[in-house]
Structures are given as structure tokens and as C-alpha cells.
Amino acid sequence: MLYGILYWLTPAHLYIYSPLYLEPNTSIDSVNGFLWLTLLFHLFWDGMYMFFFAGFSTGLLARLFDAKEQGLSRDELLDYYKVQGGNMLIRSRMINLERGRYLCRVNSSYELTPKGVFFARAALFLKKIFYLELGG
Amino acid sequence: MLENVFLGIYFILGWMGLQVIVFHIFKVKNKFPIITLLYMLSFLGYIFFLPKKNIADINSIGLYLILFPTYLAFFYYVDRPVSLRILIEFLRAQGRPLVIEDIEHHYSLDAMVERRIKLMQKDRLIFEQNGRFFIDKKGEKLGWIVSRGRKFICSSFLTK
């Protein structure tokens, strides 16, 4: 929305471009700008999530970086993710999946919602296309 | 300008299709080098076949370049996420309700960490010595960015 407002408010040359560099068709110009905005926005948040918020591999890397010359054993790495004998990563993801309505709780167990079934099937389909294992 | 965009779409689709064919024919395990190599070939082809050599080419080439990291992000979001794997485990249970322990049994923490360790060792980000893991020279810069970034935005509470 901000893009739309700014596009409407500002001149096409943005006070820096000469007419030679301008796209004559304003529809194409605006769609092109919106595409750039979408791709950059998407990339920025992909990077933020992967590196700083939710990346499991980057989390391991950060721990090894913080350990410096002492390094970490396999058990020490595992201990970071253990909580009450269970797997903290899975437990935190299950909470998020329930909150996002991919899973629903039935007493102490969980079931897939239709939204969860859709995403699970889409993931399996894409994994087959890309010749990937179950992963995760 | 639109000619450039359509040509770009053809080349991107060709690149994506070709890599899928290569993955299946050669049963490729390490996919990143194949993705990168085929992308570079497609990029060179795209530049070569650009119809007009004008200012719009800069925009088209920029879009073509930015599609590569976007595609990689998509690819790794299919391959790596823990959440997707959990959903798949539910699908494999064929409607049977599961408790957290069932998921942990099929998708163990050891396997999750082991896979990451192997991948980071293969990428020479970390190395193993006497049963302990250390950050490698290549991993130091990335480790610094990630460690400092996580501390800076105080995100460690979100996930370990």
C-alpha cells in the first residue's frame, strides 16, 4: 500500500532519472516496481528468519561460534535442544503449528486440519519433484 | 521491456525444468552445485539472447539475478523446515492422532542435529576433532554475523 501511495505521489523520474531511462508505459513500470518490491521484501524476511529468527542450522553455527576454541561435543549440542527429556524444537514448532491452525489438539494428541493436510501434501509433492528426502 | 521479461521467464522455466530432470536422472544428492551451474549457464544464455541492448536490460538482468536467491530460499524451505516434516509425519500416520512423543520417535533430535552437522561439515563451515566440533575459517564470518545478529535483535528466546 505504501508503494502505491508513493508511486502516485512521486514523479516518474524521481528527480534523478533522465527521460531516456524511463519506461513509457506506466502500467508496465508500476508492475515492474511492484515485482522488485515483492522480491526484495520476500528476500529480506527470508534472510531474517533463516539467519536470526528460526534457522536451526544457523542456530547450531552460532553456538559453535560462541564456543570458540573449546568447541562443542555432539552431546553438548544436543543438550541445547532437550527439554524435560523431549525435543524442544519439535515442541515449539507444534505450538506454532497449532496456533497457525495446521494442527488441532484432541485431548493430549494432535490431528491435521484441512489446512495442514494441504501443506503436508504440497510439501511431499514438491519433495518428489525436487528429488528430496523427507528432510527437516 | 516485455520482450526481456518473457525471455527471462522462458529461461527461468528452462533452468528449473532442466535441474529437476538432472536431479532425477543422475539421482543427485548434493543439489546446490547443480542448481548454481545450471543457473549460471541460463544467465549467460539470457544475456546472449536479450533482444535489444538498451537500458531496460539492466532492469531485466537485475530481476534475473534476484530470482536466484529467491528460488534458493524456496528450495530450502521445501527441503529443511522442521515444521513441514512434522506435518508430513502426521500425513504418514494416515489420520491417526499423534502425541508429541510419536513425532519425536519418528523424527529424533539426534537425526536432526546429525543431518545439520554433516551438511555444515560438507560445506566446510565446521570441522570435527577428537569428538568435538569447531567452527572452520569459512564458517567464522557467517558465525559472527549470525551470533551477533541474534544477540542484537534478542531473538534467542524465539528458538534455540
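Residues numbered from 1 in each chain as written. Chains lettered and ligands numbered in written order. Predicted model: local features only at pLDDT ≥ 70, side-chain atom pairs only at ≥ 80, totals over all residues. Heavy atoms only, no water.

Engineer: Whenever I open this one, the sheet that holds strand β1 (residues 72-73) of chain A confuses me. Can you help?
Structural biologist: Think of a sheet as strands paired side by side through backbone hydrogen bonds, with each pair either parallel or antiparallel. In space, the 3 strands of this open sheet follow the order β1(A)-β2(B)-β1(B), with antiparallel pairing throughout. Strand pairing shows two members of the sheet lacking a second neighbour, β1 of chain A together with β1 (126-129) of chain B, which therefore form its edges. Pairing between β1 of chain A and strand β2 (residues 132-135) of chain B: 2 bridges, direction antiparallel. Following the sheet pairing, Ser-73 of chain A is matched in β2 of chain B by Arg-132 of chain B. (Pairing = 2+ DSSP bridges. Helix = DSSP H or I, 4+ residues; strand = E, 2+ residues; numbered from the N terminus.)

Engineer: Explain the interface of chain A and chain B here, please?
Structural biologist: Where interface size is quoted, it is often the accessible area lost as the parts come together. Chain A puts 78 residues into the contact, and the matching count from chain B is 80 residues. Summed over both sides, the interface between chain A and chain B buries roughly 7,300 Å², with carbon and sulfur atoms accounting for 71% of that surface. Together, Phe-130, Tyr-131 and Gly-136 of chain A form the three largest contributors to the area buried by chain A at its contact with chain B, with a combined 10%. Inspection of the region where chain A meets chain B yields 6 salt bridges. Residue Glu-104 of chain B pairs with Arg-91 of chain A through a salt bridge whose shortest N-O separation is 2.9 Å. For the interface between chain A and chain B, the tally reads 21 residue pairs in polar contact (both at pLDDT 80 or more). Counting residues per element, the side of chain A that touches chain B draws most heavily on helix α2 (residues 26-53) of chain A, which supplies 15 residues. (Contact = heavy atoms within 4.5 Å. Buried area = accessible area lost by both parts, 1.4 Å probe. Salt bridge = Lys/Arg side-chain N within 4 Å of Asp/Glu carboxyl O. Polar contact = N/O pair within 3.5 Å; in protein donor to acceptor, adjacent residues only side chain to side chain.)

Engineer: Got a minute to help me understand the side chain of Asn-87 of chain A in this structure?
Structural biologist: With respect to the helices and strands, Asn-87 of chain A occurs in strand β3 (residues 86-87). Among the polar contacts listed, one links the side chain of Asn-87 of chain A to the backbone nitrogen of Leu-89 of chain A, at a separation of 2.9 Å. With sequence-adjacent residues up to four places away left out, Asn-87 of chain A is seen in contact with Tyr-81 of chain A together with Glu-104, Tyr-107, Ser-108, Leu-109 and Met-112 of chain B.

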